[in-house]
Every structure is written in C-alpha cells, then in structure tokens.
Amino acid sequence: MRKYLIAGNWKMNKNAAETAALVDEIVAAVGNDTSVSAVVCPPFTSVATASDKAANSNVGVGAQNMYFEASGAYTGEISAEMLRHLHVDWVILGHSERRAIFGESDELINKKVKVALENSLQPILCVGETIEEREAGDTLKVVETQLTEGLRDVKDEDATSVVIAYEPVWAIGTGKTATPEMAQEVHAYIRKLLNALFGEEKGEQIRVLYGGSMKPENADELLAQKDIDGGLIGGASLKSSSFVALIDSAKKLA
Ligand code: PEP
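**Digging into the environment of Phe243**
As for its placement among the helices and strands, Phe243 is situated in helix H11 (residues 240-253). Counting along the chain gives 19 residues from Phe243 to Ala224, while the straight-line C-alpha distance between them is 17 Å.

This is the structure in structure tokens:
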C-alpha cells in the first residue's frame, strides 16, 4: 500500500554540469516506471538544472534544506516558495548534519516542516540517534522526541504528505549499517508513534525511509522489512549505477 521511495541526498556534491549528466542517466534508467518514487536532492545551486532535466520524467526533485520565512533579510537562506518556483516537490529537513553542524533544533525544524507543507512541499523529516545515545539505551526516546517535536501541530490532513527518514547518526557515511532487525525495531516504533499522532488510517500510509550507508549490497534485506518503505541515500546516490540499483531493489518488492 505504501509506494517505495528512494531519495538521493547529494549533500555538498555535484555542480550544475555534473548534475545535468547524473539526472540524465537516472531519468533514462527510470524510464516509464512509476512503481517506485525516485527523488534526487542536489545542492541549491543545481536544483534548477535538476528540475529542467527531470521535467516530464518519473524522477522527482527535492532540496536538502530551506528556511521557514517567506522572504526578507535572511542572508544565505532559501524559502519554500523559491523551491516551488523551481518545481521542487520535496525537502529534506532536520538531517543530522544540519542538527549537529549547524545547530538546528527540533523547534526550528518543526517551523520548517509546517511551512514546507503550507507550500505543498513534502518534507522528509530525519530523525536518529548518535552512538552514545544508542549505547545508553536511549534510541527510542531520542527518536520519539525528534519525531513528536518535529511534527508538532502538523494538521491531520497533511499527515500523508510527510515522509520520515530514520537515520542512525552512527551509520551515516560510515559504512556501518543498522542490521535489518535493528532498523525494523525503530521503524515499527515510529509507525506506532505516527498512528498515535494521526490515527491508524493515516499513520499506516506515511512512508518511513531508512538512511545510513544503504547500498546495493544491503538494500534488499533492509527494504524487505515490514516498516521500511524506502531509503534516504547519501554516498550511493552520487553514481547512477548504485542509485539505480537501489531503485531496482525496491522495484522487485513493489
Ligand atoms: C544521508 O546522509 O542521509 C545518508 C544516509 O548518507 P550515507 O548513505 O552516505 O550514509
């Protein structure tokens, strides 16, 4: 019932020319297939190029961040409306790198989530524990706080536009992956929280992605878990061969 979503978080990689080439390859590989949602999230400077290249294709375009204000004296920031103007449909919010390096709080992330939804952008809200938090037995508590604070005051009618990405911080860019069982345990907890927040009918429709060193070699097992509805992919999204292999993994299960 939930369509798999494979989203590439390119982080601070790929200039516009490199973006054009990579999106061309992904669009060609995805072709007419609509059984899986495929989304690329390049840096802001490449979003327009990605949108041009992905126009009229089955590949969606997302941003990696945005600010909650509509316009004004916010040097260096980008608004939801600016993204919509470039035909962006998705935005990653609360990535652990934004939280850790740029000091983003749950309160700030929540403002962004609500403004994204008001502007018809689908937020991909990232949650996940650090290794210290996992070792202290706090994983579910940390995830619960980030999820409930990040989704505070989100309207029921917007619930199914939200996507959650569970990304254990210790697995991001490290080559360490959560085992499918470890990931499923947290995903099932997230599903329970979503059902409690929005009711079962909507909660069961919300996609919960796994992120953290997902690659073609480990994707089949992760994606086969009951509550894993796709992946937020960093490193393996930077080459069309590995990104398309992940889409193909999801296709086999779709
Ligand atoms: C990410 O940054 O969202 C991510 C999951 O990165 P990687 O796949 O490289 O671990």
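**Here we look at the site of the ligand**
If you check the shell around the ligand, you find 14 residues, and the closest are Lys11, His95, Glu167, Gly173 and Ser213. Ser213 places a polar main-chain atom, nitrogen or oxygen, 2.7 Å from an oxygen atom of the ligand. Gly235 has a polar backbone atom sitting 2.8 Å from an oxygen atom of the ligand. Alone, the ligand offers 290 Å² of accessible surface; in the complex the protein occludes 95% of this. Residue composition of the shell around the ligand, grouped by class: 4 nonpolar, 8 polar and 2 charged.

**Examining the pairing of strand S3 (residues 59-63)**
Each regular strand displays side chains that alternate between the two surfaces of the sheet. Counting buried positions over the 5 residues of S3 gives 5, a clear majority of the element. Of the two faces of S3, the one lined by Val59, Val61 and Ala63 and the one lined by Gly60 and Gly62 are each fully buried. In the sheet, strand S2 (residues 37-41) pairs with S3 via 3 bridges, with the strands oriented parallel. Paired with Val40 across the strands is Val61, a residue of S3.

**As for H11**
In this model H11 runs 20 Å from its N-terminal to its C-terminal C-alpha over 14 residues, within 8% of the 20 Å that 1.5 Å per residue would give. All of the buried residues along H11 are Ser240, Ser242, Phe243, Val244, Leu246, Ile247, Ser249 and Ala250. As for H11, its buried residues are in contact with strand S1 (5-9), helix H1 (16-30), S2, helix H10 (216-223) and strand S8 (230-233).

**Regarding the packing of aromatic side chains**
Any aromatic ring pair is given by two values, namely how distant the centres are and how the planes are angled relative to each other. Evaluation of the coordinates by the stated rule reveals 3 aromatic pairs. When the ring of Tyr67 is compared with that of Phe68, the centres are 4.6 Å apart and the planes differ by 35 degrees; the resulting orientation is tilted. With a relative accessible area of 19%, Phe68 lands in the buried category. Aromatic rings pair up to connect Tyr67, Phe68 and Tyr74 into one cluster. When the ring centre of Phe102 is taken as reference, the NZ or CZ atom of Arg98 above it lies at 4.0 Å.

**Notes on helix H8 (residues 180-198)**
The terminal C-alpha atoms of H8, which comprises 19 residues, lie 26 Å apart, in line with the 27 Å expected from a rise of 1.5 Å per residue. Along H8, the residues classified as buried are Pro180, Ala183, Gln184, Val186, His187, Tyr189, Ile190, Arg191, Leu193, Leu194, Asn195 and Phe198. Phi for Gly199, located one or two positions after H8, is positive at around 90 degrees.

Conventions we followed
- Residues numbered from 1 in each chain as written.
- Predicted model: local features only at pLDDT ≥ 70, side-chain atom pairs only at ≥ 80, totals over all residues.
- Heavy atoms only, no water.
- Helix = DSSP H or I, 4+ residues; strand = E, 2+ residues; numbered from the N terminus.
- Near = heavy atom within 4 Å.
- Polar contact = N/O pair within 3.5 Å; in protein donor to acceptor, adjacent residues only side chain to side chain.
- Areas by Shrake-Rupley, 256 points an atom, 1.4 Å probe, with all protein chains shown as cover.
- Nonpolar A, V, L, I, M, F, W, Y, C, P; charged D, E, K, R; others polar.
- Buried < 20%, exposed > 50% of the residue type's maximum accessible area, 1.4 Å probe, protein only.
- Pairing = 2+ DSSP bridges.
- Expected span 1.5 Å × (residues − 1).
- Contact = heavy atoms within 4.5 Å.
- Phe/Tyr/Trp six-rings, centres within 6.5 Å; stacked < 30°, edge-to-face > 60°.
- Lys NZ or Arg CZ within 6 Å of the ring centre and 35° of its normal.

Limitation: the analysis is restricted to geometry and does not speak to function.
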